[in-house]
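# A look at the structure
The chain contents come next:
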Amino acid sequence: MAAHNIRLEGQAFGLRPVTLEDAGAIVDLRSAPGQSRYIHAVSPDVRQQVAWLERYFARTDDYYFIIENLHDGSFEGTIAVYDIASHQGEWGRWVLRPGSMAAPESALLVYRAAFEAIGLEEVYCRTVAANEGVVSFHDSSGLRRTGVLQGVFDLGDGPIDAVEHRLSVAEWPAVRDRLAQQAHRVARLLQRSRPQDQDKERG
């Protein structure tokens with residue numbers, strides 16, 4: 001397995017390894033109003049997040065990334081590949097700041113990390129069944145929906161079902177092309193929304 005030093009860049013967004021200095025931003029992201037509906041609760045105590053990250057750094061089956069805006073380096077969210085065994089792993093911890101447009105490219109990049117940097121043969125993700133937007137995103141990206149797992153999550157109010165999707169390395173090229181097209185459209189849209197930067201480039 002590679003060390004926790006994988007960095008990947010797309011057209012508008014990139015992934016970098018998480019650091020202890022990200023603890024506060026992670027707590028703020030995961031505890032923001034509306035963000036915690038479909039994810040596990042996080043303590044508001046940043047020291048607990050730091051302690052969790054220190055334990056994470058000792059694991060070799062876990063790759064946790066910060067999603068950054070390549071234009072200004074701003075924090076867009078988090079994503080990870082973890083529980084790696086037998087050449088497969090789960091991807092998750094996918095939380096984006098409200099209003100972020102990084103979904104297609106961050107998914108594209110985490111698959112690149114899984115298949116091209118880490119060398120996995122298959123990845124899977126498990127989404128709270130009621131989180132229809134994310135379930136639909138995985139469907140439209142071309143992932144195989146392999147079923148509903150009964151009561152696999154407990155977010156504090158009892159067992160919750162999850163929809164599982166899988167992607168093999170053989171299926172990856174088709175999904176890569178589909179997500180790359182979406183990421184390209186987002187990158188062009190973001191570029192057009194920064195006319196001041198275009199003026200500087202022309203000047």
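### Focus: the overall build of the chain
Helix and strand counts for the chain stand at six helices and eight strands. Order of helices (α) and strands (β) in the chain, N terminus to C terminus: β-β-α-α-β-β-β-α-β-α-β-β-α-α. On C-alpha atoms alone, the chain measures out to a radius of gyration of 17 Å, which is about the 17 Å that the 2.2 N^0.38 rule sets for 203 residues. Put simply, the chain has 203 residues, and 45% of those count as buried. In the chain, 61% of the contacts between residues at least 6 apart in sequence involve partners at least 24 apart. Surface summary for the chain: the accessible area is close to 10,500 Å², and the carbon and sulfur share equals 49%.

### Section: the layout of surface pockets
Reported here for the largest pocket is a volume of approximately 740 Å³. Lining the largest pocket are 28 residues, and of these Y38, I39, W94, V95 and N131 sit closest to its centre. Among the elements that line the lining of the largest pocket, the one with the most residues is strand β5 (residues 88-96), at seven residues. Grouping the amino acids of the lining of the largest pocket by side-chain chemistry returns 15 nonpolar, eight polar and five charged. Considered as a void within the structure, the second largest pocket measures approximately 250 Å³ in volume.

### Thoughts on the sheet that holds strand β2 (residues 13-17)
Spatially, the eight strands line up as an open sheet ordered β1-β2-β3-β4-β5-β6-β8-β7, and their pairing is mixed. Unpaired on one side and paired on the other, β1 (8-9) and β7 (144-154) mark the two borders of the sheet. Looking at chain direction, β7 and strand β8 (residues 159-168) are connected through seven bridges and run antiparallel. Bridging from a neighbouring strand, R144 pairs with R166 of β8.

### Examining the nonpolar core
The biggest cluster of nonpolar side chains holds 37 residues, and the ones touching the most others in it are W91, W94 and Y111. Going through the elements one at a time, β2, β3 (63-69), β4 (75-85), β5, α3 (103-118), β6 (122-128) and α5 (172-192) are the ones with two or more residues in this core. In terms of residues, this core owes the most to one element, α3, which gives 10 residues. In this view, W94 contacts I67, T78, I79, A103, S106, A107, V134, F137 and H138; residues no more than four positions away in its chain are not counted. Grouped together as the second largest cluster of nonpolar side chains are nine residues, A23, I26, I66 and A80 included.

### Observations concerning the environment of E121
By secondary structure assignment, the location of E121 is in the loop between α3 and β6. Of the residues examined, E121 reaches a relative accessible area of 46% and is grouped as partly exposed. As for E121 and H87, which are separated by 34 residues in sequence, their C-alpha atoms are 5.4 Å apart. With residues up to four places along the chain from it excluded, the contact list for E121 reads H87, F115, L167, S168 and V169.

### A closer look at the pairing of β5
Most of β5 is tucked away: eight of the nine residues are buried. Pairing of β4 with β5 involves six bridges; the strand directions are antiparallel. Counted as the bridge partner of Y82 is E90 from β5. Where β4 hands over to β5, the hairpin turn is made up of two residues, of which S86 adopts a positive phi near 55°. Pairing between β5 and β6: three bridges, direction parallel. Counted as the bridge partner of G89 is V123 from β6. In this region the chain leaves β5, passes through α3 and returns to the parallel neighbour β6; the handedness of that crossover is right-handed.

About the criteria used
Every chain's residues receive numbers from 1 upward, in the order its sequence appears when written. Whole-chain, interface and lining totals are the exception, using all residues; otherwise, since this is a predicted model, local features are given only for residues with pLDDT of at least 70 and side-chain atom pairs are given and counted only at 80 or more. Note that water and hydrogens are dropped before the side-chain values are worked out from all heavy atoms of the structure. What counts as a helix is a DSSP run of H or I of at least four residues, what counts as a strand is a run of E of at least two, and both are numbered from the N terminus. The globule rule is 2.2 Å times the number of residues to the power 0.38, and the radius of gyration it is compared with is taken over C-alpha atoms. Under the scheme applied here, a residue whose accessible area is under 20% of the maximum for its type counts as buried, over 50% as exposed, and between as partly exposed, the area being computed with a 1.4 Å probe on protein chains only. Pairs of residues are marked as contacts when any of their non-hydrogen atoms sit within 4.5 Å. Values of accessible area rely on a 1.4 Å probe in the Shrake-Rupley scheme; residue burial ignores everything except the protein chains shown. A 1.4 Å probe that fits but cannot get out identifies a cavity on a 1 Å grid over protein atoms alone, an open set with protein on both sides within 12 Å along at least five of seven lines counts as a pocket, and a residue lines either if it has an atom within 4 Å of a point. Grid points are joined across faces, edges and corners, and a volume is the space filled by probe spheres set on the points. Throughout, the ten residues Ala, Val, Leu, Ile, Met, Phe, Trp, Tyr, Cys and Pro are labelled nonpolar, Asp, Glu, Lys and Arg are labelled charged, and all others, Gly among them, are labelled polar. At least two DSSP bridges between two strands are needed for those strands to be called paired. Buried Ala, Val, Leu, Ile, Met, Phe, Trp, Tyr and Cys residues that are joined via side-chain atoms within 4.5 Å together make up what is termed a nonpolar core. Viewed with both strands pointing away, a crossover whose connecting path from the first strand over the helix to the second turns clockwise is right-handed.

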